[in-house]
Amino acid sequence: MRKMLEEKYFAELREAIIAGDVQRARECAEKIVKEGLDPLKAIEEAIQPAAKIVGEKFEKLEIFLVDLIMSADAMKAAAEVLTSAIKAKRPLKPVGKVVIATVQGDIHDIGKNIVAALLVANGFEVYDLGVDVPALKIIEKAEEVGADVIALSALMTSTMRGQKDVIDMLKAMSIRDKYIVVVGGGATTAEWAREIGADGWAETAPEGVSLIRRLIEEKRGVKP
Ligand code: B12
């Protein structure tokens, strides 16, 4: 029964996103939360596959930019509802501070917001600087709040260089070792992360949270 309900609502959410129907997507996400279904599962099984389909259609010129924008708005509306539900489960004990941003030139933030919400849900203190953020601004915030981790998102091949810029700037300022730097986002790979000297890369938000936990544990020598 529960499985059927899940399949029904997840399919409805995927359809609403592909159709660019913001209201239906939001309402569907609200129903998912109200029914007590897993919001993270909804992100992974409805929002992400729908984003992939929309991205492919855009690439094949089957839809226009205006359609992509409408679908993005629908994704964002649903993601907001689902991430709020995830964040509500936040534990009390703080485990570490993370400064997160989408790098300069890139305005994609749906994935980054999911990573931020999951970090909050797992007890991290998160400073989300938003999108299109210059390297220096990210470093200044990390210095100001005494962050443990800098997490950088990039969705495009043309903007992933922004992740390298942050690491290069940290090195130039002789503070690279102060921070754990993790990177992610559609355009990036584990190989890219190694190439630019990041401490880690993860493909998905939950993997990103586990990675950050493990890296903090290794650095501090104790479980956060
Ligand atoms: C939605 C979307 C948009 C929306 C963004 C809205 C928003 N507020 O974010 C809008 C319509 C604005 C948009 C604009 C553009 N877009 Co766009 N967009 C997409 C689309 C369809 C989905 C992205 C998304 O949100 N996915 C869902 C989320 C949940 O997935 P995600 O971001 O990958 O995040 C997950 C993981 O990667 C990971 N993660 C993400 N960040 C991080 C960070 C860390 C530290 C870690 C550990 C993990 C992690 O966790 C997340 C959850 O598991 C993609 C297609 C695709 N398949 O990615 C194209 C895509 C990214 N866009 C593309 C392009 C070209 C553009 C435009 C240039 C189009 C144009 N001609 O104007 C502009 C760019 C504007 C700019 N300067 O940034 C291309 C990029 C091609 C490339 N490889 O360089 C893509 C791939 C589409 C395509 N196939 O052509 N876009």
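Just above sits the structure.
Remember, it's a predicted structure, so these values are computed and weren't measured experimentally.

Asks: In this structure, what is going on with the coordination of the cobalt atom of the ligand? I would like to understand it.
Replies: Under perfect tetrahedral coordination by four donors, a metal shows angles of 109.5 degrees; under perfect octahedral coordination by six donors, it shows angles of 90 or 180 degrees. The protein gives the cobalt atom of the ligand a lone donor atom, His108 (NE2), placed 2.3 Å from the metal. Examined against the element boundaries, His108 turns out to sit in the loop between β1 (96–102) and α5 (110–121).

Asks: I keep staring at the pattern of salt bridges and nothing clicks. Help me out?
Replies: Pairing between side chains of opposite charge can happen when their charged atoms approach one another. Scanning the model with the defined rule gives 14 salt bridges in all. Its salt-bridge partner being Asp168, residue Lys164 comes within 2.8 Å of it at the nearest N-O pair. Of the two residues, Lys164 and Asp168 are both situated in helix α7 (residues 161–172); the distance of four residues between them amounts to about one turn of the helix. The exposure class assigned to Lys164 is partly exposed, which follows from its relative accessible area of 26%. We classify Asp168 as partly exposed; its relative accessible area is 28%. Connected through shared salt-bridge partners, Lys3, Glu6 and Lys41 make up one network.

Asks: Any chance you could explain the site of the ligand here in plain terms?
Replies: Taken together, 37 residues are adjacent to the ligand, and Gln48, Ile107, His108, Asp109 and Ser153 come closest. Within the side chain of Glu59, one N or O atom sits 3.3 Å away from a nitrogen atom of the ligand. With respect to the ligand, the side chain of His108 contributes an N or O atom lying 2.8 Å from a nitrogen atom. Taken together, the elements giving at least two residues each to the shell around the ligand come down to α3 (39–59), α4 (65–87), α5, β3 (149–153), β4 (180–184) and α9 (205–220). Looking at side-chain class alone, the shell around the ligand contains 19 nonpolar, 12 polar and six charged residues.

Asks: What is the right way to look at the side chain of Lys112 in this model?
Replies: The topology assignment puts Lys112 in helix α5. Filtering out sequence-adjacent residues up to four positions away, Lys112 remains in contact with Ile100, Ala101, Thr102, Asp128, Gly130 and Ser153.

Asks: Looking at this structure, I do not really get the packing of α4 against α5. What am I missing?
Replies: Two measures define how a pair of helices packs: the angle their axes make with one another and the distance between the axes. Interhelical geometry of α4 versus α5 gives an angle of 5° and a closest axis separation of 9 Å. Considered as vectors, α4 and α5 are oriented roughly parallel to each other. Contact residues: Ala72, Met75, Lys76, Ala79, Thr83, Ile86 and Lys87 in α4; Ile110, Asn113, Ile114, Ala117, Leu118, Val120 and Ala121 in α5. Residue composition of the contact of α4 with α5, grouped by class: 10 nonpolar, two polar and two charged.

Asks: It is not clear to me how the side chain of Thr83 should be interpreted in this structure. Could you clarify?
Replies: Inspection of the secondary structure assignment puts Thr83 in helix α4. Overall, the relative accessible area of 9% leaves Thr83 in the buried class. In terms of polar contacts, Thr83 uses its side chain to reach the backbone carbonyl oxygen of Glu80, at 3.3 Å. Other than its neighbours up to four places away in sequence, Thr83 contacts Ile43, Asn113, Ile114 and Ala117.

Asks: Explain the pairing of β4 to me, please; I cannot follow it from the model alone.
Replies: Walk down a regular strand and you will see the side chains alternate between the two sheet faces. Across the five residues of β4, five count as buried, placing the element largely inside the fold. The alternating pattern of β4 places Ile180, Val182 and Gly184 and Val181 and Val183 on opposite faces, both of which are buried. Sheet topology places β3 next to β4; five bridges connect them, and they run parallel. Its bridge partner being in β4, Ala151 is matched across the sheet by Val182. Crossover connection from β3 via α7 to parallel β4: handedness right-handed. Sheet analysis places β4 next to strand β5 (residues 200–201), joined by two bridges and oriented parallel. In the sheet register, Val182 faces β5, and the bridge partner there is Gly200. In this fold, the crossover linking β4 to β5 by way of helix α8 (residues 190–196) has right-handed handedness.

What counts as what
Residues numbered from 1 in each chain as written. Predicted model: local features only at pLDDT ≥ 70, side-chain atom pairs only at ≥ 80, totals over all residues. Heavy atoms only, no water. Donors = N, O, S within 2.8 Å, 3.2 Å for Na, K, Ca; no water. Helix = DSSP H or I, 4+ residues; strand = E, 2+ residues; numbered from the N terminus. Salt bridge = Lys/Arg side-chain N within 4 Å of Asp/Glu carboxyl O. Buried < 20%, exposed > 50% of the residue type's maximum accessible area, 1.4 Å probe, protein only. Near = heavy atom within 4 Å. Polar contact = N/O pair within 3.5 Å; in protein donor to acceptor, adjacent residues only side chain to side chain. Nonpolar A, V, L, I, M, F, W, Y, C, P; charged D, E, K, R; others polar. Contact = heavy atoms within 4.5 Å. Axes fitted to C-alpha atoms, helices over the stretch in contact; angles between N-to-C directions. Parallel < 35°, antiparallel > 145°, perpendicular 65-115°, else oblique. Pairing = 2+ DSSP bridges. Right-handed = clockwise from strand over helix to strand, strands pointing away.

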